[in-house]
Every structure is written in C-alpha cells, then in structure tokens.
Amino acid sequence: MNIKARRAVMRVNRMTSDGLLPAGRLDEVLNKLRLCLAPSALNRMTSDRLSPAGRLDRVWNKLRLSLARSARGRGEIGRRTGLKIPRPYGCAGSSPAVRTIILGLAATLALTACEKRPDDIPVDVSVIGANRLAADPRRGPMPTGARVLRDSVAQGLVRFDAAGGIEPGLAERWIVIDDGRSIIFRLKEATWSDGRPVVADDVVRQLKRALGSGSRNTLLPYLTAIDEIVAMTPQVIEVRLSRPRPDLLKLFAQPELGITAPDGGEGSGPFRIAEASAASVLLRPIDDPTEVADDRPDAPKPQDLVRLRAERASTAILRFAQRRSDLVEGGTFLDWPMIDLSDVAPANVRLDPAAGLFGLLVARRDGFLSTRDNRSAIALAIDRAALTAAFSDGWAPTDTILPEALDSTSPPAQPDWSSVPDSERLAMAQARVVTYRRTSPDPLVLRIALPEGPGATLLYGQIAAAIARLGITTERVAIDDATAHLRLIDRVAPYDSARWYLRAACQPCALPIARLIAEIRLAPDVATRARMLAQADSALTADVAFIPLARPLRWSLVAPRLRQWTPNARAFHPLNRLRTDPK
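Residues numbered from 1 in each chain as written. Predicted model: local features only at pLDDT ≥ 70, side-chain atom pairs only at ≥ 80, totals over all residues. Heavy atoms only, no water.

1. With respect to the pairing of strand β15 (residues 473-478)
Working step 1: Sheet topology note: the strand β14 (residues 445-450)/β15 ladder contains six bridges and is parallel. Residue L446 lies in a different strand from β15, and its bridge partner there is T474.
Working step 2: Where the polypeptide runs from β14 across helix α15 (residues 454-468) and back to β15, its parallel neighbour, the crossover connection is right-handed. (Pairing = 2+ DSSP bridges. Helix = DSSP H or I, 4+ residues; strand = E, 2+ residues; numbered from the N terminus. Right-handed = clockwise from strand over helix to strand, strands pointing away.)

Following this line, the structure appears as structure tokens:
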C-alpha cells in the first residue's frame, strides 16, 4: 500500500472511532464496495454523477483519490462571495461534520451495503439535537429528544396520532359544552409504573403545576383562556375556559403537557423505560390494563421495543446510512446539506408539510429599516424560489405570514409587492435604496442573525447575495446577537390558530398592531376573534415586520420497516405509531 493510501486509512480510522473499518484496509474496503454497491450507488458518492455504463473502474479510482486527498474547499457561492460554504455534492466540504460523513460512509458502507436491517429487532431511533433525553418542561424549552421521550412515557389527556391528529391519551373520551367554555374529560383505566391507578386528582395537580406562576412551560402564553381545572370524580376532569378555544386539544397533546406520576417518575405510557444508559434508553410498551391477564403475552416481541437516543446530525445520518438505525427524527434546514453528502437512498428521505414560520424578523426598526418601503425592499430582493431550490425541490417558498385562513375570516393577507412581476422586483428594490442614500450616504450594513450549521451558511449565502445586489453589505452574527437588524425565525406551530403566527411574527412590530394581537385573546366569541385575526394579519403584513421565506423545512430518514410513519403538519411522530396500525 503506498504512502498516500496509508495516510488515507489513518484519516478514515480516526474519523470512525468505533471500529467500523476493520484492520484499516482501504483496498479491501473499496473492493467490497465494488461488489456490494450498485453502480448507481457508486455514482451518488461522486461529484459529477458519472454514468455507470463501462466506467465503474473510473468511479472506484476516483473514490480512492477522494479518500486520500485532504477534504477541504469552498463551493461555487463561496468562491464568488468569500463565504465558507460546503459544496452540496462531492467529497470536499468546509465542515468537520461533513468530512466525517464523507470519509466514514466510504469506509463503512462496504460492511453494510450487502446487508439489510432485519425486522425482528428493536426499532432504533436517533433524534437530532442536544444529547439530552431528560428535561422538565416547567424549566423552559425542551430539546427535541426530551420531547420525544416524554411523549413516549408520559402522555397527556390526549396525544398526537401518526398523522398529527388527536387521539385518546389518558382520557378515553371528552365532550365540549357551554358554548365551548367547558371541556369534560373522562379518564381511561391506567396505572403508574408502581401499579397504582391513575386518578383525576393526580392529573389536575400536574396540570396546575405546569400552568402555575413559577412555571416556564413554553405553552403558557397560549393557555391564558383556562380559568380552572377541577376533578369532578376520580375519573372525570373539567377544564373551564373564560372564552371558547376550539384549538385547545392540540395544546393538550403536546409533550410539554404530558402527565408524570405523583412522585415525579414516569407517566402512564404508552412506553416504560426498560433500560437506560448515558447514550440511550430502551423503551418497552406497557401492558393494556383492560386486557385479561391470561391474554397478555409473557413479553413483548423484540421488534416492539424502541431504542431512543439523541445525537448530532452527522452521527445520526451516518448511523442510518450504515443501517444501524431505523429512523432519524428532528431534521431541519440546518442539517439538510449533510443529506446530499451521504449515501442515504432518496426513498428514505421524507419531508413533513410542517406548519409554522420560516423567515426574517425585523429586529431593529431604525436606520434603513425604519420605513415600511425600505423593509419591503429587502423582501423584494430575495428570490424565494431560488433560495428553497438551493436546498430541496420539495421545499415550497411563501410570501405570506399565514399558511391558510385557519381561524381567520379571510385568506392570508398578500404583501403589496406580491403582484410585482419577478423581473421588476429587483429594480424596484434598488430604487428604494438609491432614494435612502440621497439623505444617508454613510455605508449601509445589515447584520443578519442565524444559528450555527451548514444549512445556515447556505441560507446566508443566498440572502447575502440577494441583498448585495441592492448595494447593501451584510454581516452574519449569532442568533441571539442583540445588535442584529434581521433575525431568522424557524418554528413549527404548536396549534392551528392565526394568532400564534401573528404573535410570533410581531417581534417587534408597530405598537397599535401589537396591541390588537394582544386583544384577540380576549375576544368574547369565535366570530369576533376571527374578524380581529383577519384585521391583524392585514395590518402586520402591510407593516413588513416579518419577511416570510418558506414554511419550516423538517425532514426524517425512515427505514422501510416503519410502515406507519406518516408526514404531518406538526412534524412530530409518536414512537408507538411507527410500525403497525393501532389495534
């Protein structure tokens, strides 16, 4: 083996620290790749999409060179603008996580390409995000992995089904009375992990703590209509409201309102923790207490168990590509470029039609952004179709705040510039900048706050290039930088009300509009609320306090054995609704 090959092997071994490259033999790995991978799969691992016909040797040799050389460089946008942006295809990339995927996949696919993950083993799930599965919702926002675990072991009164709809949780049925001002829940037969029965007092106590004055539960701002929660009998709970809230059930289904045992332990399922380590938890489905004991199986089948872990995107994608997991959840635009750099089959990549906001908040309304026309100039300059296409053809752009009418009386308000032909938008925006510079000749710089990640770098390249055509300089800053002029918001809506969108997009907005949005929650009836929502949507759109770009990009990697996995607007997939239909 020559010196370059030996160095390549050393690099691959360092990148795959868990021993996935046995004996460190690059030639053996590549030879096995030739035998196991279809030519089309080899083509996906090259940057120029070589034709498989008669060119397999060339692909193989190129793969050897890709592993042996240093993986660094800039993409086409980076060369033009000086930005450090990873190439979406090929073996080079500026991110260490990207280099991990490229080198790790090339070495390890040889060991797994001829294998198929069996269906008689536990379902293995990776959730992208903080490596933390335990969190108390009363202390603030929960990491995605913690939300998934809490939904699995501590269901609420109701819960989400596979399609994002509402199904029974602790409550087996419910009824809405008093013109929508009262919801009565009847609890099903359930037990805590120690065998004690679940009673209404336990549930009421938990809900009151979640809604108490000291709680930092992220759902609190949307639960102000709740006046009182009372236990009417050991099996019946009443939630009394000051005004009708037809969307309240979707909030009760969120993991943040999951009910745990009185001693702070696990809840009533649908899973219990069978094993736990620093890296993962093994979940076992609980027995149905309504079944006759003799009819219950002695133990669940291995495939009914779920192994859950939270980890960074590069590790989760690599694990899935190696067929060591069945599901990757929690993917966002931040991690999307890594998908193209992996060898995951397109059929395994699934997008959710996520409902929510993805766009730029006008964080500072001074200087150039002090007028509505100048804020509109930024909105005009950004080519939304090109921006989303840089990520995925399946990511649809938008220019409205609301995705649809929802509970408003009117369709989403259209910005005044939406009727301007695409060919004229840039000229109109440039003219507004010229007008501003006549009275303010100083250099014009806009600071854009974005999170960390390769997707954010790609997004910044698109936005910065668009704004640069106006003669405006941009500077990327951290997402929480107080000096930012524009700040990205990327959030999935927890429930389907126009007020959530308006409140989230008004951060800040004109004071009269902010007051109107605040008053909507006090509307005496549904009809009045709907009219106020339409008015606020129109006013906020005209104010250009928020520049919509698209709906949130949410993706998963899904193995074929998870037959019931279903894309949905909540972008949330309960672990008990992955493999088979509910009985």
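2. Section: the pairing of strand β17 (residues 546-550)
Working step 1: Across the five residues that make up β17, a large majority, five, are buried.
Working step 2: Relative to β17, strand β13 (residues 356-362) runs antiparallel, the two being bridged by four bridges. Each residue of the ladder has a partner; that of F358, found in β17, is A550. (Buried < 20%, exposed > 50% of the residue type's maximum accessible area, 1.4 Å probe, protein only.)

3. Focus: the confidence of the model for the protein
Working step 1: Overall, the prediction assigns the protein a mean pLDDT of 83, with 78% of residues at 70 or greater.
Working step 2: Here residues 28-56 is a poorly scored stretch, pLDDT under 50, and it has 49 contacts once near neighbours within four places are set aside; other chains count.
Working step 3: Across residues 62-102, where pLDDT falls below 50, the model places 88 contacts with residues more than four positions away in sequence or in other chains. (pLDDT = per-residue confidence, 0-100. Contact = heavy atoms within 4.5 Å.)

4. Some thoughts on the sheet that holds strand β8 (residues 271-276)
Working step 1: One open sheet accounts for seven strands, arranged β8-β9-β10-β1-β11-β18-β12; its pairing is mixed. Unpaired on one side and paired on the other, β8 and β12 (349-352) mark the two borders of the sheet. Across the sheet, the axes of successive neighbouring strands diverge by a mean angle of 25°, strand direction being ignored.
Working step 2: Direction of pairing for strand β11 (residues 327-331) relative to strand β18 (residues 554-558): antiparallel, over a ladder of three bridges. (Axes fitted to C-alpha atoms, helices over the stretch in contact; angles between N-to-C directions.)

5. A closer look at the nonpolar core
When a protein is soluble and globular, its nonpolar side chains tend to lie buried together.
Working step 1: In terms of nonpolar packing, the biggest core is built from 80 residues, with F252, L308 and L540 touching the most fellow members.
Working step 2: If one sorts the elements of this core by residue count, helix α16 (residues 498-505) sits on top with six residues.
Working step 3: Residues F333, L387, A456 and I547 belong to the second largest nonpolar core, which totals 57 residues. (Core = buried A, V, L, I, M, F, W, Y, C linked by side-chain atoms within 4.5 Å.)

6. Digging into the state of the cysteines
Working step 1: Taken as a whole, this structure holds one disulfide when the rule is applied.
Working step 2: A sulfur-sulfur distance of 1.8 Å marks the disulfide that ties C506 to C509. One disulfide, between C506 and C509, carries an S-S torsion of -60° and so falls in the left-handed class. Across the pair, exposure class does not vary: C506 and C509 are buried alike. (Disulfide = S-S within 2.5 Å.)

7. Observations regarding the pattern of salt bridges
Working step 1: One pass over the structure, following the stated rule, counts 26 salt bridges.
Working step 2: Its salt-bridge partner being E167, residue R159 comes within 3.7 Å of it at the nearest N-O pair. Accessibility assignment for this pair places R159 and E167 in one class, buried.
Working step 3: With its nearest N and O atoms 3.2 Å apart, the salt bridge here joins E228 to R240. Of this pair, E228 sits in strand β6 (residues 226-233) while R240 is found in strand β7 (residues 236-241), placing the two residues twelve residues apart along the sequence.
Working step 4: E228 gets classed as partly exposed once you look at its relative accessible area, which sits at 37%.
Working step 5: What emerges from the salt-bridge pattern is a single network uniting D119, D326, R561 and R579. (Salt bridge = Lys/Arg side-chain N within 4 Å of Asp/Glu carboxyl O.)

8. Here's the deal with the packing of aromatic side chains
Working step 1: Inspection of the entire model under this criterion finds ten aromatic pairs.
Working step 2: Relative to Y436, the ring of F368 lies with its centre 5.1 Å away and its plane at 85°, an arrangement referred to as edge-to-face. Taken together, the residues F368 in the loop between β13 and α12 (372-381) and Y436 in helix α14 (residues 422-437) connect sequence positions 68 residues apart.
Working step 3: Accessibility expressed as a relative area gives 3% for F368, which makes it buried.
Working step 4: An angle of 90° between the planes, with centres 5.0 Å apart, marks the rings of W500 and Y501 as edge-to-face.
Working step 5: You can call W500 buried: its relative accessible area is 1%.
Working step 6: Feature note: the residues F333, F358, F391 and W395 constitute an aromatic cluster, connected by ring pairs. (Phe/Tyr/Trp six-rings, centres within 6.5 Å; stacked < 30°, edge-to-face > 60°.)

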